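# Examination of the molecular architecture
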Amino acid sequence: MTFYQWIYKTFEPAVSALYRIEAHGVENIPADGAIVASNHTSFADVLVISAAARRQVRYMAKKELFKIPLLAPLIRALGAYPVNRGGPDVSSIKRTIELIDEGELIGIFPQGHRYGGQDPRTTEIKAGVGMIVYRTKAPVVPVFLDSKRGKTSMFRKNIVTFGTPVNFEELEFVKGGMAEYTRASQIIFNHICEIKYGKSELSAGEDAASPTEKND
């Protein structure tokens, strides 16, 4: 048993109970290298997705955390790796690509920031996930985090839905480049939002008018 497996076995029941996790579509997660891409509502999103996924999800974490003596060994053991949030970080992107090529599952939030309580369809989407898919050709599992007031919180039901993977071919890359990366990221995020809001209300690059009713 690996350290992560021990951590998961020990703490997953408590995390699932505290956050009242209801997971759907876990079978959509590939066994090989892939990306899970989700809307971002709170710091707890990482915990909730990891508990629901049933296999280790690797995330970037800001490099400052790796300078804390007691914290750094733990987050490294849990699979986190550093990123410079102050600007483009080529080394973290290369590391992400390597991990996917090695068969790891990488967690990415296309919004880049937390938007708790805000309709995700109205938020800006970053190009990063599109670029990584272009470089790796990895499938992307869209994930929607749904909870009351639109923010992952303890003691409230948090629904984690893993949708059907989006394959490389669906993103219609031609030559790569920022415009194609941005377009691919938007398509991926549309798939994320379709899990809750439905396909008929969405189109690439367009914002929807109003949020739908939240869960109790």
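For the structure, check the block above.
Anyway, here's the lowdown on the structure attached to this text.

Conventions we followed
Residues numbered from 1 in each chain as written. Predicted model: local features only at pLDDT ≥ 70, side-chain atom pairs only at ≥ 80, totals over all residues. Heavy atoms only, no water. 1 Å grid on protein atoms, 1.4 Å probe; cavity = no way out; pocket = protein on both sides within 12 Å on 5 of 7 lines; lining within 4 Å. Points joined across faces, edges and corners; volume = space filled by probe spheres on them. Helix = DSSP H or I, 4+ residues; strand = E, 2+ residues; numbered from the N terminus. Salt bridge = Lys/Arg side-chain N within 4 Å of Asp/Glu carboxyl O. Buried < 20%, exposed > 50% of the residue type's maximum accessible area, 1.4 Å probe, protein only. Pairing = 2+ DSSP bridges. Phe/Tyr/Trp six-rings, centres within 6.5 Å; stacked < 30°, edge-to-face > 60°.

## Overview of empty space enclosed by the protein
The tally for this structure, following the rule as stated, stands at 1 cavity of 30 Å³ or more. As a volume, the largest cavity reaches approximately 80 Å³. Around the largest cavity, the lining comprises 13 residues; the ones closest to its centre are Asn-39, Thr-41, Gln-118, Pro-120 and Gly-150. Element by element, the count of residues in the lining of the largest cavity is highest for strand 7 (residues 140-147), at 4 residues.

## Things to note about the pattern of salt bridges
Tallying each qualifying case throughout the model produces 7 salt bridges. Arg-95 is paired through a salt bridge with Glu-102; the nearest N and O atoms lie 4.0 Å apart. On the basis of relative accessibility, which here comes to 54%, the residue Glu-102 falls in the exposed class. The network of salt bridges with shared partners includes Arg-95, Glu-98 and Glu-102.

## Section: the pairing of strand 2 (residues 34-38)
In terms of residue burial, strand 2 counts as a mostly covered element, since 5 of its 5 residues are buried. Burial along strand 2 is two-sided: Ala-34, Val-36 and Ser-38 and Ile-35 and Ala-37, pointing in opposite directions, are all buried. Here strand 2 runs beside strand 6 (residues 105-108); their pairing, made up of 4 bridges, is parallel. Of the residues in strand 6, the one forming a bridge with Ala-37 is Ile-108. Examined bridge by bridge, strand 2 and strand 7 share 4 bridges and lie parallel to one another. Within strand 7, the residue paired with Ile-35 across the bridge is Val-140.

## Looking at the packing of aromatic side chains
Applying the stated rule across the entire model yields 8 aromatic pairs. When the ring of Phe-3 is compared with that of Trp-6, the centres are 6.2 Å apart and the planes differ by 25°; the resulting orientation is stacked. Of this pair, Phe-3 and Trp-6 both sit in helix 1 (residues 3-18), 3 residues apart, roughly one helical turn. Ring centres of Phe-144 and Tyr-197 lie 5.9 Å apart, and the angle between their planes is 90°; this geometry places the pair in the edge-to-face category. Here Tyr-197 lies in helix 6 (residues 178-197) and Phe-144 lies in strand 7, a separation of 53 residues in the sequence. For Phe-144, a relative accessible area of 5% translates into the label buried. An aromatic cluster is present here, built from Tyr-134, Phe-168, Phe-173 and Tyr-181 joined pairwise through their rings.

No statement about biological role is implied by the geometric values presented.
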